[in-house]
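Descriptive structure summary
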Amino acid sequence: MAKVRAPRRPLESYTVKHISKTIKAGDCVLMRPADQSNPQYVARIERIDVDARGRNVKVLARWYYRPEESIGGRRQFHGSKELFLSDHYDVQSADTIEGKCTVHSFKNYTKLEAVGNDDFFCRFEYNSCTGAFNPDRVAVYCKCEMPYNPDDLMVQCEGCSDWFHSACIEMTAEEAKRLDHFFCESCSSEGGYKTTPEVNEKSTQNLAFQSRCSRSGDESITS
Ligand SMILES: [Zn+2]
Ligand SMILES: [Zn+2]
């Protein structure tokens, strides 16, 4: 006769012995991928619990997706350390955690003096079924009208306050870094700069995709 399984009980925190790190709900962690040739998975720990005998500690992980794991794939404006907070949860053994990491807000990430291996950022939530992002629009900058990729150096025009890629203003990153003042082409036309009111209405790019719900969830993350 089957025994009634003793209920699992929640744990406030748990020390993952093989890395000597204590985790608690809300922490972001790196987890061992099923295929070891893939980069580590990144997850936010939502809950930790343990069986009645005090063994077999499990975590409820909310996955962060890397841009290449999303339905739309990696796009030019995605940063190398960009992640999307997905609606995809799994229960995992706590011992598959291989390290802790930090997922910064976009704003905090752009203020970091140095980006370490374990620093990431997130500016979108991601629906793993539809491929939709929240927010579904993102501001665009420069004359190329691209959303901001924090890996690319940009310089701000003192006239219109828009930001420009060094390449789009025909400068190397080194040259752009040395600029004390910068006025874009339209602001530096003869007779000094003028402010152009229309750029104050922030342009945005719509991130919506055609719904591709017919694809299985597994397929969408194996690309
Ligand atoms: Zn540009
Ligand atoms: Zn300007």
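Residues numbered from 1 in each chain as written. Chains lettered and ligands numbered in written order. Predicted model: local features only at pLDDT ≥ 70, side-chain atom pairs only at ≥ 80, totals over all residues.

Under an unreviewed UniProt entry, the name given to the protein chain is Detected protein of confused Function, and the source organism is Hibiscus syriacus.

**A word on the overall build of the protein chain**
The helix and strand tally for the protein chain stands at 3 helices and 15 strands. Per-residue burial over the protein chain gives 22% buried out of 223 residues. Sequence-distant contacts, at least 24 apart, represent 59% of the contacts inside the protein chain between residues at least 6 apart. (Helix = DSSP H or I, 4+ residues; strand = E, 2+ residues; numbered from the N terminus. Buried ≥ 20, exposed ≤ 12 C-beta atoms within 10 Å, placed from the backbone. Contact = placed C-beta atoms within 7 Å.)

**Focus: the pairing of strand β4 (residues 28–31)**
Residues Cys 28 and Leu 30 of β4 are buried on one face, and the alternating residues Val 29 and Met 31, pointing to the opposite face, are buried as well. With 4 bridges connecting them, β4 and strand β5 (residues 41–50) associate as antiparallel partners. Within β5, the position partnered with Leu 30 by the bridge is Val 42. Relative to strand β8 (residues 97–105), β4 runs antiparallel, the two sharing 4 bridges. In the strand pairing of β8, Met 31 is matched with Ile 97. (Pairing = 2+ DSSP bridges.)

**Thoughts on unusual backbone geometry**
Here Asn 134 and Pro 135 are connected by a cis peptide whose omega angle stands at 0°. Along the chain, the position of Pro 135 falls in the loop between β10 (133–134) and β11 (137–141). For Glu 145, which is not glycine, the phi torsion reads 55° and is therefore positive. Mapped onto the elements, Glu 145 comes out in the loop between β11 and β12 (146–147). For Glu 145, a count of 10 C-beta atoms within 10 Å corresponds to the exposed category.

**Digging into the pairing of β8**
As paired elements, β8 and strand β9 (residues 119–126) share 4 bridges and run parallel to each other. Bridge pairing links Thr 102 to Asp 119 in β9.

**Examining the sheet that holds strand β15 (residues 204–206)**
Taken in spatial order, the 3 strands of this open sheet run β12-β11-β15, and their pairing is antiparallel. Each having just a single partner strand, β12 and β15 make up the two edges of the open sheet. The sheet contact formed by β11 and β15 spans 3 bridges and is antiparallel. Residue pairing in the sheet places Arg 137 in a bridge with Asn 206 of β15.

**Considering the nonpolar core**
With 29 residues, the main nonpolar core has Val 29, Val 42, Ala 43, Tyr 64, Leu 83, Val 103 and Cys 122 as its most contacted residues. For this core, the elements supplying multiple residues, two or more each, are β4, β5, β6 (58–65), β7 (82–93), β8 and β9. Among residues more than four places away in sequence, those in contact with Ala 43 are Val 29, Met 31, Ala 61, Arg 62, Trp 63 and Tyr 64. Grouped together as the second largest cluster of nonpolar side chains are 7 residues, Tyr 141, Cys 142, Val 155 and Cys 160 included. (Core = buried A, V, L, I, M, F, W, Y, C linked by C-beta atoms within 7 Å.)

**Considerations on the environment of Asn 56**
Mapped onto the elements of the fold, Asn 56 is located in the loop between β5 and β6. Given 13 C-beta atoms within 10 Å, Asn 56 falls into the partly exposed group. Separated by 48 residues in the primary sequence, Asn 56 and Arg 8 have C-alpha atoms spaced 9.8 Å apart. In contact with Asn 56, not counting residues within four places along its chain, are Val 50 and Asp 51.

**Focus: the environment of Ala 176**
Secondary-structure assignment places Ala 176 in helix α2 (residues 173–177). For Ala 176, a count of 17 C-beta atoms within 10 Å corresponds to the partly exposed category. When the C-alpha atoms of Ala 176 and Met 154 are compared, they prove to be 8.0 Å apart, with 22 residues separating the residues in sequence. The contacts of Ala 176, once residues within four sequence positions are left out, are Leu 153, Val 155, Ser 166 and Met 171.

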